[in-house]
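Architecture and fold: a report
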Amino acid sequence: MEHTSLIERVLRGIALTLVVIFFMFPIVWIFMMSFQTNETILRIPPQLIFEPTLANYTALITGKLMTAAGTLDIAFMRNLGNSVFLSVTSVAVSLLLGVPAAYAFARHKFRGSEDIAFTLLSFKFAPALLVLLPLTLYFQKLGLANTYIGLIWVYQLICLPLILWIVRGYFEDIPADIEYAYRIGGHSWFATFRKIALPLAGPGIAAAGLLAFIFAWNNFVFALVLASADKQPVTVGALAFITSSGIQYGQISAAIVLSITPTLALALYAQRYLVEGLSLGAVKG
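First, a word on what this report is: a plain description of the structure on this page. (Residues numbered from 1 in each chain as written. Predicted model: local features only at pLDDT ≥ 70, side-chain atom pairs only at ≥ 80, totals over all residues. Heavy atoms only, no water.)

Quick look at helix α13 (residues 249-269) now. In a regular helix each residue adds 1.5 Å, so 21 residues correspond to 30 Å; α13 covers 30 Å between its end C-alpha atoms and thus fits that length. Along α13, the largest kink reaches about 35° and is centred on Thr261; proline Pro262 follows within four residues of it. Those residues of α13 that fall on the buried side of the exposure criterion are Gly250, Gln251, Ser253, Ala254, Ala255, Val257, Ser259 and Thr263. (Helix = DSSP H or I, 4+ residues; strand = E, 2+ residues; numbered from the N terminus. Expected span 1.5 Å × (residues − 1). Bend = angle between axes of the 7 residues up to and from the residue. Buried < 20%, exposed > 50% of the residue type's maximum accessible area, 1.4 Å probe, protein only.)

Pasting the structure below:
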């Protein structure tokens, strides 16, 4: 049995503490900035002790941004709601389409299956600027420009390939003999997929859905070009804090805190499924 000395444990604890401080410092600093005014933030040298204020969060919730040039109307809460709606709906559609497709690619090998799967994956790595111009033209002709349906459709370029390839790997890690044994009992392939394959790959599907949600939530370019202000997500709505009188750092910090709260809460809630999903298939007998 391996034993570690007191010095080694102390050094390991110090190293872990430094790593945590290094990665958490930007988040903590932004959280502190969200309770400061612009004057306090821009003060040199920066002050760790200050009088906190809720004015930044009040401006975001009420939609009234006070600047040196006057009062500006902002729609941050609407943008936040748009982000929730677009991300949740896009991931739901991707799961509905991608999970059965992933199962088909994993269990039914047919001619050209790898080429089709790789083509779908290539959509994820294609630069957004490469497809924005043709997408804009097609959306204008189809009447999908500046619509939620159009944005959800475009978000499939982000979510669907990710879910398809991740979930496919989890289905391939499930022994096919389990499904064959269930099929021998006279059950259909759909019943086998619903009662055997889906529960066994549940943690992997949850992990893929969470990652797809984060990617959809962080999207910026598609919503910036294909939607107007009333349908844009929070990533684009944050541009409203760059005003003619300067950059509103306090409001931007408060917006960052509010925008990462849903994804952080979802990640903490689904942490068990995420760990199980990422470790699924890591140990094989």
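Right, picking up where we left off after that structure.
Position of Leu133 relative to the elements: it lies in helix α6 (residues 128-142). Spatially, the C-alpha atom of Leu133 lies 9.3 Å from that of Val225, the residues being 92 residues apart in sequence.

A separate point is the environment of Ile158. Positionally, Ile158 belongs in helix α7 (residues 148-173). Separated by 75 residues in the primary sequence, Ile158 and Ser83 have C-alpha atoms spaced 14 Å apart. When residues no more than four places from it in sequence are discounted, the contact partners of Ile158 are Lys124, Phe215, Ala216, Asn219 and Phe222. (Contact = heavy atoms within 4.5 Å.)

Packed helix pairs are characterised by how far apart their axes lie and by the angle those axes make with each other. One can describe the packing of helix α10 (residues 202-217) onto α13 by two numbers: an axis separation of 11 Å at closest approach and a directional angle of 175°. The angle between α10 and α13 places the two elements in the roughly antiparallel class. Residues Leu210, Phe213 and Trp217 of α10 lie in contact with α13, whose contacting residues are Ser259, Pro262, Thr263, Leu266 and Ala267. In the contact of α10 with α13, the residues fall into six nonpolar, two polar and no charged. (Axes fitted to C-alpha atoms, helices over the stretch in contact; angles between N-to-C directions. Parallel < 35°, antiparallel > 145°, perpendicular 65-115°, else oblique. Nonpolar A, V, L, I, M, F, W, Y, C, P; charged D, E, K, R; others polar.)

Of the volumes computed, that of the largest pocket is approximately 450 Å³. Contributing elements (two or more residues each) for the lining of the largest pocket: α5 (113-125), α6, α7 and α11 (221-226). No other element matches the seven residues that α7 contributes to the lining of the largest pocket. (1 Å grid on protein atoms, 1.4 Å probe; cavity = no way out; pocket = protein on both sides within 12 Å on 5 of 7 lines; lining within 4 Å. Points joined across faces, edges and corners; volume = space filled by probe spheres on them.)

Moving on, we come to unusual backbone geometry. The amide bond that connects Ile44 to the next residue, Pro45, takes the cis arrangement and shows omega of 0°. Tracing the backbone through its elements, the reader meets Pro45 in the loop between α2 (38-41) and α3 (55-62). The backbone of Asn146 shows a phi angle near 60°, a positive value even though the residue is not glycine. Position of Asn146 relative to the elements: it lies in the loop between α6 and α7. On the basis of relative accessibility, which here comes to 29%, the residue Asn146 falls in the partly exposed class.

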